[in-house]
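So you can see what is in the structure, the chains are spelled out below.
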Amino acid sequence: MWNRIVLTALALSAPAAAQQRSALVVGSVSAAAGKAESGFIKVAPDADIPVTVINGTRPGPILALVAGIHGYEYSPILALQRLRDNIAPQGLAGAVILVHAANVPSLLRRTIYYGPEDRKNLNRVFPGSPDGTLSERIAHALTTQVIEKADYLIDLHCGDGNESLRPYSYWMRTGKPDLDEKSRRLAVAFGLDHIVIDDERPRDPAKSMYCSNTAATRGKPAITVESGGVGVVPLGLHTADEAILGLENGVQRILRHLEMIAAARRPDTRPTWIVRNAVVRSEATGLFYAEVRKDQSVGPGQLIGTVTDFFGKKLFEARAPFAGKVLYVIATPPISSGEPLAMIGAPGEPPAGGNN
Ligand SMILES: [Zn+2]
C-alpha cells in the first residue's frame, strides 16, 4: 500500500514538472521560472529601454506595466522601482514585464510631451516603425517586445512636468463587448477614484497611436492610469508619496484581480465615472495664468485661465465648455497655440455592467 502511494505521487509529479513555466525573454532579458531579471531592449545608443521580467512559478497571464512613455512623468517611473522589489517571482502566477522608462531620451533630456530628437509624442506614434524616427523605433520595440508578449497592459502616466493633475484612469471602449468588459474591470480594480470613459481611440491596429490602445487593438485588455504630476517626487531613496502609492497599490490590486498573487481580493471602490470630457486648448502663444486648481468643480463658461503675450497683454481667455471637474490644468506659464490648458470631465451614470 505504501509503495502504491509513492508510485501515485511520482506519477502525479511528472505533469506538474511539464507545467513548469518556461523562460520569458524580453529584449536582452531572459528570466527563468521563479526569477526576476533586468536588462534592456535595444533601440539605439542612449535610447535602450530598461526592463525587468518577473517570471512566476505557476501558470498565469503576462501583465505588462509601462512607465515613462513621457519622460518628465516621474511618479510611475519611481513606482516601478518599488514594485520591482515588492513583486516576488516565487509563488507568482504568470509573469510581470516592467518597462521602467520607455522613453529614456525624454527622461534624461527632461522634455515634456515630445522626444528631444524628433519632437514627436511617443504616445501618438504607435505601433511605431523599425526604421522610423527615434520615437517611432521606441514604439516599435515596445509593440513587438512588450505588448505582443503580454496578455494585459497598464500604461502608467501622471501629469507631465507642466501639468497639475488629480488621479484618474482611462477606460477605452473599442466596441468589442468582451474586451471592453475586461478592460472596465481592470480600471475599477486599479482603484483610482475617477474613471474617464474614452470612445475616441482609433480602432485600426496599424494606426493605434497610443501605447494602451496598441494592446487593445490587438485584443488585449488595457488601461491608462494617471497619478502625480508637475515633476514632484518625495524626498529619499525608494520612498513613496500619495501619487506613487496610488500607482503601486493599483498594480497590487490588479495582481490580485488577475489572481496572479494569492492575497484575498479587497472589495472594489465605487469610482466616479467621467462620461464627457474636453481638453481646452490655447488659441494663442505666450504666457498662461491659471485661474483654477486640479480637482476643482467648474461651471459652464467659467474662466479656466488667461493667455497673455510676452508683454502682459491679454490674448485669450480659456473657459470651461460645460460643468465638470478639473482633471488637470497647466501649472506653468509657457504655452503655444494649440497646446492643452486643462482637461474638464463631467461625472455621470455608471456604464452598463454595474459599478464594479
Ligand atoms: Zn503621459
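Structure: above.
Bear in mind the structure is a predicted one, so any value in this text is a computation, not a measurement.

So, how was this worked out
Every chain is numbered on its own, with residues counted from 1 as its sequence reads. With pLDDT at 70 or above as the cut-off, local features in this predicted model cover only qualifying residues; side-chain atom pairs require 80 or more to be listed or tallied, and sums for whole chains, interfaces and linings still use all residues. Here the side-chain values reflect all heavy atoms present in the structure, with hydrogen atoms and water set aside. Here the coordinating atoms are restricted to nitrogen, oxygen and sulfur within 2.8 Å of the metal centre, or 3.2 Å for Na, K and Ca, and because water is not among them the sites may look incomplete. Under the classification used here, a metal with four donors is tetrahedral if each angle lies between 85 and 135 degrees, square planar if opposite donors are over 155 degrees apart and the others between 65 and 115, a six-donor metal meeting that same test is octahedral, and anything else is irregular. Only DSSP runs of H or I with at least four residues qualify as helices, and only runs of E with at least two residues qualify as strands; both kinds are numbered from the N terminus onward. Any two strands are treated as partners once DSSP identifies two or more bridges connecting them. In this text, buried Ala, Val, Leu, Ile, Met, Phe, Trp, Tyr and Cys residues form a nonpolar core when linked through side-chain atoms within 4.5 Å. Residue burial is assigned from relative accessible area. The probe radius is 1.4 Å, only protein chains are included, and a residue is buried under 20% of its type maximum, exposed over 50%, and partly exposed in between. Lines fitted to the C-alpha atoms define the axes, with helices restricted to the stretch that makes contact. Angles between their N-to-C directions range from 0 to 180 degrees. Here is the rule for angles: anything less than 35 degrees is roughly parallel, anything more than 145 is roughly antiparallel, 65 through 115 is roughly perpendicular, and the remaining ranges are oblique. Two helices crossing with the near one rotated counterclockwise from the far one by less than a right angle form a left-handed crossing, whereas a clockwise rotation gives a right-handed crossing. Residue contacts follow a heavy-atom distance rule, with two residues in contact if any of their heavy atoms lie within 4.5 Å. In this count, Pro and Cys sit with the nonpolar residues alongside Ala, Val, Leu, Ile, Met, Phe, Trp and Tyr, while Asp, Glu, Lys and Arg are called charged and the others, Gly among them, polar. Both site types are read off a 1 Å grid over the protein atoms alone. A 1.4 Å probe that fits but cannot get out defines a cavity, while an open set with protein on both sides within 12 Å along at least five of seven lines defines a pocket; lining residues have an atom within 4 Å of a point. Grid points are joined across faces, edges and corners, and a volume is the space filled by probe spheres set on the points. Only Phe, Tyr and Trp rings are paired, with Trp represented by its six-membered ring, and only when their centres lie within 6.5 Å; those with planes under 30 degrees apart are stacked, over 60 edge-to-face, the remainder tilted. Charge-over-ring contacts are defined here by two conditions on Lys NZ or Arg CZ: a distance within 6 Å of the ring centre and an angle within 35 degrees of the ring normal. Salt bridges are defined by distance alone: a side-chain nitrogen of Lys or Arg within 4 Å of a carboxyl oxygen of Asp or Glu.

Draft legend 1. Broad picture of the coordination of the zinc ion. Summarising the metal site, the zinc ion is bound by the protein donors His70 (ND1), Glu73 (OE), Glu73 (OE) and His157 (ND1), whose distances to it range over 2.1 to 2.4 Å. For the zinc ion, the four donor atoms in the first shell make angles of 57 to 143 degrees at the metal, a pattern classed as irregular. Binding-site remark: the zinc ion is held by donors from one chain whose sequence spacing is H-x2-E-x83-H. With a gap of 87 residues between them, histidine 70 in the loop between strand S5 (58-67) and helix H2 (74-86) and histidine 157 in strand S7 (residues 152-157) connect regions that are remote in the sequence.

Draft legend 2. Examining the sheet that holds strand S13 (residues 286-290) more closely. Reading across from one edge, S16-S15-S13-S18 is the order of the four strands in this open sheet, with antiparallel pairing throughout. For this open sheet the edge positions go to strand S16 (314-319) and strand S18 (334-335), each flanked by a neighbour on one side alone. Across two bridges, the pairing between S13 and S18 is antiparallel. Its bridge partner being in S18, glycine 286 is matched across the sheet by isoleucine 335.

Draft legend 3. How the structure looks around the nonpolar core. Ranked by internal contacts, the top residues of the largest apolar core, which has 36 residues, are Ile49 and Leu142. Those elements giving two or more residues to this core turn out to be strand S1 (24-26), strand S2 (29-31), strand S4 (49-55), S5, strand S6 (93-99), helix H4 (134-145) and helix H6 (211-216). Looking at this core element by element, the count peaks at five residues for H4. With 34 residues, the next largest nonpolar core counts Ile54, Leu65, Ile87 and Leu192 among its residues.

Draft legend 4. Molecular detail of the packing of H2 against helix H7 (residues 242-257). Direction vectors running N to C along H2 and H7 enclose 45 degrees, while the axes themselves pass 9 Å from each other. With respect to H7, the element H2 is oriented oblique. Every pair of crossing elements has a handedness; the one defined by H2 and H7 is right-handed. Taken together, the residues of H7 that come into contact with H2 (itself represented by Ser75, Pro76, Leu78, Ala79, Arg82, Leu83 and Asn86) are Ala243, Ile244, Leu245, Leu247, Glu248, Val251 and Gln252. Here the contact of H2 with H7 is built from residues that sort into nine nonpolar, three polar and two charged.

Draft legend 5. Structural view of the packing of helix H5 (residues 177-190) against H7. For the pair H5 and H7, interaxial distance at closest approach is 8 Å and the crossing angle is 130 degrees. By the criterion of interaxial angle, the relationship of H5 to H7 is oblique. Once H5 is placed against H7, the crossing between them reads as right-handed. On H7, the residues that touch Arg185, Leu186, Ala189 and Phe190 of H5 are Gly246, Leu247, Gly250, Val251, Arg253, Ile254 and His257. Here the residues of the contact of H5 with H7 sort into six nonpolar, three polar and two charged.

Draft legend 6. Layout of the layout of surface pockets. By volume, the largest pocket amounts to about 720 Å³. Looking at the largest pocket, it is lined by 31 residues, and the ones nearest its centre are Arg124, Tyr170, Tyr210, Val279 and Tyr328. Those elements that provide at least two residues to the lining of the largest pocket are strand S8 (163-165), strand S9 (168-172), strand S11 (222-226), strand S12 (272-281) and strand S19 (340-348). Here the lining of the largest pocket takes four residues from S12, the largest share from any one element. Taken as a whole, the second largest pocket holds about 350 Å³ of empty space. Pro167, Ser227, Gly228, Glu242 and Ala243 are the residues nearest the centre of the second largest pocket, which is lined by 18 residues in total.

Draft legend 7. Looking closely at the packing of aromatic side chains. Within the structure shown, the criterion is met by four aromatic pairs. Arranged with centres 5.2 Å apart and planes meeting at 75 degrees, the rings of tyrosine 168 and tyrosine 170 form a pair that is edge-to-face. With respect to class, tyrosine 168 is no different from tyrosine 170; both count as buried. Note that arginine 201 overlies the ring of tyrosine 170, its terminal NZ or CZ placed 5.1 Å from the centroid. Here the guanidinium or amino end of arginine 201 rests over the ring plane of tyrosine 210, the centre of that ring lying 4.1 Å away.

Draft legend 8. Quick peek at empty space enclosed by the protein. Scanning the entire structure with this criterion turns up two cavities of 30 Å³ or more. The calculated volume of the largest cavity comes to roughly 50 Å³. Residue lining of the largest cavity: Ala189, Arg253, Arg256, His257, Arg265, Arg266 and Asp268, and that is the complete set. Here the element with the most residues in the lining of the largest cavity is H7; it accounts for three residues. Looking at side-chain class alone, the lining of the largest cavity contains one nonpolar, one polar and five charged residues.

Draft legend 9. Representation of the side chain of serine 135 within the structure. Turning to its location among the elements, serine 135 is positioned in helix H4. By relative accessible area, serine 135 is classed as buried at 4%. Once residues within four sequence positions are removed from consideration, serine 135 is found in contact with Gly115, Asp118, Lys120, Leu122 and Val125.

Draft legend 10. The arrangement of the pattern of salt bridges in detail. Summed over the entire model, instances satisfying the criterion amount to 13 salt bridges. When the shortest N-O distance is used, the salt bridge between aspartate 48 and lysine 42 registers 3.4 Å. Aspartate 295 is paired through a salt bridge with arginine 166; the nearest N and O atoms lie 2.6 Å apart. Highlighted residues: aspartate 295 in the loop between S13 and strand S14 (297-298) and arginine 166 in the loop between S8 and S9, separated in sequence by 129 residues. We classify aspartate 295 as partly exposed; its relative accessible area is 33%. One network of salt bridges, in which partners are shared, links Arg166, Asp193, Asp295 and Lys325.

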